[in-house]
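Commentary on secondary and tertiary structure
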Amino acid sequence: MKFRLSFAWLVALRFLREGRMQTLLILAGTTGGVAVIVFLTQLITQLQAQIVDRVLGSQAHVILRPPEESNRRAVDEDGYATLIEPRAQRLRSIDQWETVMRLAAATPGVTAVSPMATGPGFAVRGQANRAIALMGVDAERYRQIVRMEEYMQSGRFAVAGTHAVIGVELARDLGLRLGDKLRVAVANGRDELLQVGGIFDIGNKDLNRRWVFVTLPLAQSLLDLPGGVSNLDLTVADIFEARAIADTLRGATGLSVDNWMQTNAQLLAALRNQTVSNNLIRSFVTLIVALGIASVLVVSVVQKQKEIGILRAMGASRGMILRVFLIQGAVVGAVGSVAGSALAFTLLQVFSSIYRNADGSPLFAAELEPRFMVMAALVATSVGLLSALIPARRAARMDPVQAIRS
Amino acid sequence: MNASAPPPVIELRGLRKAYNLGTPVETEVLHGIDLSLAEGEFAALIGPSGSGKSTLLNLIGLLEQPTRGQLLMGGRDTAQLPEAELTALRGRSIGFVFQFHHLLPAFSALENVMMPAIIARGVADDEAEADALALLEAVGLKAHAHKKPAALSGGQQQRVAIARALALRPRLILADEPTGNLDTHTADEIFALLRSFNQEQRCACLIVTHDPRLAARSDRVIRLVDGRLDSDTLFTPPLQEN
Ligand SMILES: Nc1ncnc2c1ncn2[C@@H]1O[C@H](COP(=O)(O)OP(=O)(O)OP(=O)(O)O)[C@@H](O)[C@H]1O
Ligand SMILES: [Mg+2]
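If you're wondering where the values come from, they're calculated on a predicted model, not measured in any experiment. (Residues numbered from 1 in each chain as written. Chains lettered and ligands numbered in written order. Predicted model: local features only at pLDDT ≥ 70, side-chain atom pairs only at ≥ 80, totals over all residues. Heavy atoms only, no water.)

A separate point is helix H1 (residues 7-18) of chain A. For H1 of chain A, spanning twelve residues, the distance from its first C-alpha to its last is 16 Å, which sits close to the expected 16 Å at 1.5 Å a residue. Within the span of H1 of chain A, buried status applies to Phe 7, Ala 8, Leu 10, Val 11, Ala 12, Arg 14, Phe 15 and Leu 16 of chain A. Residues of H1 of chain A that are buried sit in contact with helix H2 (20-56), helix H12 (305-313) and helix H13 (318-354) of chain A together with helix H3 (109-121) of chain B. (Helix = DSSP H or I, 4+ residues; strand = E, 2+ residues; numbered from the N terminus. Expected span 1.5 Å × (residues − 1). Buried < 20%, exposed > 50% of the residue type's maximum accessible area, 1.4 Å probe, protein only. Contact = heavy atoms within 4.5 Å.)

Okay, helix H1 (residues 53-60) of chain B next. In an α-helix, one turn spans 3.6 residues; hence positions three or four apart end up facing the same way. All names here are of chain B. With seven of its eight residues buried, H1 lies for the most part within the structure. Every buried residue of H1 is listed here: Lys 53, Thr 55, Leu 56, Leu 57, Asn 58, Leu 59 and Ile 60. Positioned one or two residues after H1, Leu 62 has a phi angle of 60°, which is positive.

Right, let's talk about the site of ligand 1 for a bit. Taken together, 14 residues sit near ligand 1, with Arg 405 of chain A together with Ser 49, Lys 53, Ser 54 and Thr 55 of chain B positioned nearest. The environment around ligand 1 is built from residues contributed by chains A and B. At 2.4 Å from an oxygen atom of ligand 1 is found a side-chain nitrogen or oxygen belonging to Ser 49 of chain B. Side-chain polar atom of Ser 54 of chain B to an oxygen atom of ligand 1: 2.7 Å apart, as the coordinates give it. Here ligand 1 loses 65% of its free accessible area of 630 Å² to cover by the protein chains. The biggest single contributor to the shell around ligand 1 is H1 of chain B, with three residues. (Near = heavy atom within 4 Å. Polar contact = N/O pair within 3.5 Å; in protein donor to acceptor, adjacent residues only side chain to side chain. Areas by Shrake-Rupley, 256 points an atom, 1.4 Å probe, with all protein chains shown as cover.)

Another aspect to go through is the domain arrangement of chain A. When cut into domains, chain A gives domain 1 (7-55 + 268-405) and domain 2 (97-254). The gap between the C-alpha centroids of domain 1 of chain A and domain 2 of chain A is 53 Å. (Domains from an automatic or database assignment.)

What follows covers the packing of H3 of chain B against helix H4 (residues 126-138) of chain B. Residues and elements named next belong to chain B. Between H3 and H4, the shortest axis-to-axis distance is 9 Å and the interhelical angle comes to 140°. When the interaxial angle is binned, H3 and H4 end up oblique. The hand of the H3/H4 crossing is right-handed. Contacts between H3 and H4 involve Ala 109, Leu 110, Val 113, Met 114, Ala 117 and Arg 121 on the former and, on the latter, Glu 127, Ala 128, Glu 129, Ala 132, Leu 133, Leu 135 and Leu 136. Residue composition of the contact of H3 with H4, grouped by class: ten nonpolar, no polar and three charged. (Axes fitted to C-alpha atoms, helices over the stretch in contact; angles between N-to-C directions. Parallel < 35°, antiparallel > 145°, perpendicular 65-115°, else oblique. Left-handed = near helix turned anticlockwise from the far one by under 90°. Nonpolar A, V, L, I, M, F, W, Y, C, P; charged D, E, K, R; others polar.)

Here is the structure:
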């Protein structure tokens, strides 16, 4: 049997086909609008994800530290408060850190916990010495916080005995190579001779110069934190849940808890502003597309006045006429969204080959996530439908006699 | 008319129509029309320009609502029917033929003739297509079935319009100057076509015309002057030629 369209679809598609130039213009407008929205959304989503990824590449999502030692306010007998100098914070261990670690690991949303004993020191080789941050870690656990293995330039990210992992800048400054020896000294006079077991480049010169990874026990003994840790680093599943998880842990442990959203508040504010302006652009483009579809359909309704009158005289109901025009709007939206997604994909290809990072790699990947295409299709079709509402109602209310008499 | 006359297809009782009701320019166009049309009757509606012929036809065709009076279709008072039912009734039981043939330019002749069935059933089907083809054959246009109206002559377009009016075998055909802009020869052909369908299918026909020759070939001539029935002349009973 032959495939046959229902009345409303048959007439709607025929009207669209008949109004060639108009249909092409309205489709071009919708396609352009959809392309701009999809392109922008994909680009900004990707760039934002990259920025966040880069920032979090060398950071724990949540960090637990001992509570700050606060000054008790000294109030004399007369009730006058005396101003006291802020207290210097000495290096302390987290009380019962193993219990805290278990608690943190059991908190929903937390995917990894890594204990660390960290404190300042000096790396000395021959006449040269550099200020460093001594990082006593369990390499296996720390890898789940910062993907160190990805940053290794030589050697492996493994600490054992007196093996240490240092950054490229420090290695260059002190002229160190894999297997070389360096002495690390801390303020209390202790020191230790270490062997370079790995050299990393984390993409940040400052960190490359300062971070020196050693085993946890070694750091503990050097920093005079026997059996203790100075902080617990956490990774969470949803990075934007970090703040909430930090709040929970602060309440549960009474420790000082930082999260990346707090330490990178400016970055987050910038990202949020970017999202707001992107939404603004999207809203305007959507509005313009909607107005375009509506105005073309309004004109079409006037042009089709006679046909509408004839159809009504032949027994077409108001509802049928309404549907004819609603379908036109929806079809324009749907076709425009497919063409627009295709155009956005092309734009992404072109721009990703033009815009490149300093190292020559593309600034963003030329791929289009299916969810954005689905979103575009849904939004464009609904917008088409809604834009057609006013013209369609006008068409449905038209007096058939008026059309036939003229 | 004898005792066994068929029941009226339509009946008008004191039908009035005013435009711009309730405004200073209110004008009554029809001042109380009483009229009925029997099944199979072929009537010509004549009268000077502006006398209200088209208005009367639009009222009978359920395209407009009378201001006062009753309009019965098959014995049913149409004033009580909601808009949607009037529309459905119009689609099913009335076929229109207009002066300027009013075909849908985006659709082929065949699709135009199928359109009443598509509207009535929501979708085209093989039966509607076969019916439409048969009707196009009957008006001598089978070869032109797939042409768009723009590719047809005026007379051909009017023949398509007649085929379309007949698509759902309506009980009533309303034609407003169907031969108005055709030459005499073509006008005669169109008229003959309407007449033959009237006789074959027993559908009542009400034809507005300014052509006295054509009026004279009808069963009945209704004359409208200034919105009133001026005369209603019955000629011969429907001819049984051939
Ligand atoms: N929508 C309207 N508003 C106001 N007046 C109208 C309207 N439609 C028709 N009229 C008036 O009603 C009167 C009858 O018009 P109608 O078209 O029925 O005449 P007609 O007999 O068909 O004339 P013609 O032979 O020229 O077609 C005219 O005076 C016309 O101006
Ligand atoms: Mg008229």
